[in-house]
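# Inside the fold
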Amino acid sequence: MYKKIAVLLASYNGTKYIKVQVDSILNQKEVDVEIFISDDLSTDGTIQYLQDIYKNEKRLVYLESNQKFGGAAKNFFRLIRDVEFSNFDFISLADQDDIWYEDKLIRAIKIIEDK
């Protein structure tokens, strides 16, 4: 059985890069990922863009955007505060313009478990 990973993604005006990032997370090997997205009131339609592309993708969860955080740190804090982690084995943070190798999470898990 694969490890369950909660991926916390903080976004802001990310339409230029975020699809490649989300695809790289969804394509992770040997893990079961769910992506929680908190948007910092983007003005470029980031959330609508994602919802249009990933209409049937159940692994994306959009947190309600009702306040401006003004930076990634506060946005990540909001994700950590508001996401329920009890059903997950690990948590990972993702910035909106990172592109992950397909084995990034499983390699990290193996290192953690070996140590």
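What counts as what
- Residues numbered from 1 in each chain as written.
- Predicted model: local features only at pLDDT ≥ 70, side-chain atom pairs only at ≥ 80, totals over all residues.
- Heavy atoms only, no water.
- Core = buried A, V, L, I, M, F, W, Y, C linked by side-chain atoms within 4.5 Å.
- Buried < 20%, exposed > 50% of the residue type's maximum accessible area, 1.4 Å probe, protein only.
- Helix = DSSP H or I, 4+ residues; strand = E, 2+ residues; numbered from the N terminus.
- Contact = heavy atoms within 4.5 Å.
- Pairing = 2+ DSSP bridges.
- Axes fitted to C-alpha atoms, helices over the stretch in contact; angles between N-to-C directions.
- Salt bridge = Lys/Arg side-chain N within 4 Å of Asp/Glu carboxyl O.
- Phe/Tyr/Trp six-rings, centres within 6.5 Å; stacked < 30°, edge-to-face > 60°.
- Lys NZ or Arg CZ within 6 Å of the ring centre and 35° of its normal.
- Parallel < 35°, antiparallel > 145°, perpendicular 65-115°, else oblique.
- Left-handed = near helix turned anticlockwise from the far one by under 90°.
- Nonpolar A, V, L, I, M, F, W, Y, C, P; charged D, E, K, R; others polar.

All right, on to the nonpolar core then. Ranked by internal contacts, the top residues of the largest apolar core, which has 21 residues, are Ile5, Val7, Leu9, Val22, Ile25 and Ile35. Those elements that place two or more of their residues in this core are β1 (3-11), α1 (18-26), β2 (31-39), α2 (46-53), β4 (90-95) and α4 (104-114). Contact partners of Ile35, with chain neighbours within four places excluded, come to Val7, Leu9, Val22, Ile25, Leu26, Arg59, Leu60 and Val61. In terms of nonpolar packing, the next biggest core, distinct from the first, is built from ten residues, Leu8, Leu63, Phe85 and Phe88 among them.

The next subject is the sheet that holds β4. Ordered in space as β3-β2-β1-β4, the four strands form an open sheet in which the pairing is parallel. Only two strands of the sheet have a single partner each, and these edge strands are β3 (60-62) and β4. Across the sheet, the mean angle from the axis of one strand to that of its neighbour is 25 degrees, orientation sign disregarded. Bridge analysis of β1 against β4 gives six bridges, and the strand direction is parallel.

Here we take up the environment of Tyr49. Looking at where Tyr49 falls in the secondary structure, it is placed in helix α2. C-alpha of Tyr49 to C-alpha of Asn75: the two residues are 26 residues apart in sequence and 19 Å apart in space. Contact partners of Tyr49, with chain neighbours within four places excluded, come to Thr15, Ile18 and Lys19.

Before going further, it helps to examine the pattern of salt bridges. Across all of its chains, the model carries six salt bridges by this definition. Notably, a salt bridge pairs Asp82 with Arg81, separated by 2.9 Å at the nearest N-O pair. Note on Asp82: relative accessible area 40%, which makes it partly exposed. Across the pair Asp103 and Arg107 runs a salt bridge, and its minimum N-O distance is 3.2 Å. In the salt-bridge network here, residues are joined through shared partners; they are Arg78, Arg81 and Asp82.

Our focus in this paragraph is the packing of aromatic side chains. Pairs of aromatic rings are described using the distance from one ring centre to the other and the angle between the two planes. As enumerated under the stated definition, the model contains one aromatic pair in all. Ring geometry for Phe36 against Phe88: centres 5.8 Å apart, planes inclined by 80 degrees, an arrangement best described as edge-to-face. A residue pair is termed long-range when its members are at least 10 positions apart, and Phe36 in strand β2 and Phe88 in the loop between α3 (72-82) and β4 qualify at 52 residues. For Lys4, the ring lying beneath its charged end belongs to Phe88, and the centroid distance is 5.2 Å. The ring of Trp100 has Lys104 lying over it, and the distance from NZ or CZ to the ring centre is 5.0 Å.

Turning our attention to the packing of α1 against α2. Two elements in contact, α1 and α2, have axes whose closest approach is 11 Å; the angle formed by their N-to-C orientations is 50 degrees. By the angle class used here, α1 and α2 are oblique. Seen along the crossing, α1 lies across α2 with a hand that is right-handed. Mapping the contact onto sequence places Ile18, Lys19 and Val22 in α1 and Thr46, Tyr49, Leu50 and Ile53 in α2. Along the lines of polarity and charge, the residues of the contact of α1 with α2 split into five nonpolar, one polar and one charged.

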